[in-house]
Amino acid sequence: MSSLNSVNVDPAEIEKFSALASKWWDPTSEFKPLHAINPLRLSWILEHTGPLAGKKVLDVGCGGGILTEAMATHKADVTGIDLAEKSLKVARLHSLESGVPVNYQMISAEAHAAEAAGQYDVVTCMEMLEHVPDPASIIRACSTLVRPGGWVFFSTLNRNPKSFLFAIVGAEYVLKLLPTGTHTYSSFIKPHELARSAREAGLSNLDLRGLEYNPLSQHYWLSRNTSVNYLLATRKEA
């Protein structure tokens, strides 16, 4: 495999998530928010795609496989790709323990796009774009990987004073929902920037949703408020 410095990845981000790899499947750990929002993400995806059974699905930046494995429980043929070797080892082990089959590969989105263009019915890329140097390159790769008429789903963080206050100051320093240093504000992406990159990659923007959190009730829900966390559903033009 090529050096991490030669692909679209920040080695510091890989090290950050590798250090936490053993905790991916602990719902009380630093990954508690991912476990909490996973049912919301999955139901939102299914709302658009319909049943996943028999469909080829790719999870880009799969980490420890929380969403990846959840999609596989719906009888989809699921592949998860990531560049964090330790996270992938945890994902593979959990897949063996749970009996839910997932094909995990250590490969970049761009490299996979070069070898598997148009092979997927559904591509997901969640909470990943804000962690790479060139998010537009990932978006283009996702578009290449999905078949015409297929779905591509993204989620990331808006860039504004409120998102800085909530996602960094609040989530990392006050509420301790995430490890300090998880996010870099300058890497956040405004919805119109993501939508533009998607259009330029040949994807039609179909649904934009916000993800909100109440720290008192510890409740997450989807809404039309995209000021902090948000999700974008797109479809490859036929």
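Attention in this report is confined to the structure presented alongside it. These figures come from a predicted structure and were not determined experimentally.

Thoughts on the pairing of strand β6 (residues 203-214)
Walk down a regular strand and you will see the side chains alternate between the two sheet faces. With eight bridges joining them, β6 and strand β8 (residues 229-236) adopt antiparallel strand pairing. Within β8, the position partnered with L208 by the bridge is L232. Where β6 lies against strand β7 (residues 219-223), five bridges are found, and the strand directions are antiparallel. By the bridge assignment for β7, L211 is matched with L222. In sequence, β6 turns back onto β7 through a hairpin of four residues, with Q218 there showing a positive phi of about 55 degrees.

Focus on unusual backbone geometry
One non-glycine residue, E127, lies in the positive phi region at around 50 degrees. For E127, a relative accessible area of 23% translates into the label partly exposed. Within the chain, Q218 stands out as a residue other than glycine whose phi angle is a positive 55 degrees. Of note, Q218 is situated in the loop between β6 and β7.

Focus on the pairing of β8
Taken across its eight residues, β8 has six buried, putting it largely inside the fold. As paired elements, strand β5 (residues 146-157) and β8 share seven bridges and run antiparallel to each other. Bridged to L157 within β8 is N229.

Here's the deal with a nonpolar patch on the surface
Among the surface-exposed residues, Y173, V174 and L175 lie close enough to one another that they form a single nonpolar patch of about 310 Å² accessible area. Along the chain, the position of Y173 falls in helix α7 (residues 161-174). Note on Y173: relative accessible area 47%, which makes it partly exposed.

Reading the values: rules and limits
Residues numbered from 1 in each chain as written. Predicted model: local features only at pLDDT ≥ 70, side-chain atom pairs only at ≥ 80, totals over all residues. Heavy atoms only, no water. Pairing = 2+ DSSP bridges. Helix = DSSP H or I, 4+ residues; strand = E, 2+ residues; numbered from the N terminus. Buried < 20%, exposed > 50% of the residue type's maximum accessible area, 1.4 Å probe, protein only. Patch = residues over 30% accessible without salt bridge, like charges linked within 9 Å, V, L, I, M, F, W, Y side chains within 5 Å. Areas by Shrake-Rupley, 256 points an atom, 1.4 Å probe, with all protein chains shown as cover. Salt bridge = Lys/Arg side-chain N within 4 Å of Asp/Glu carboxyl O.

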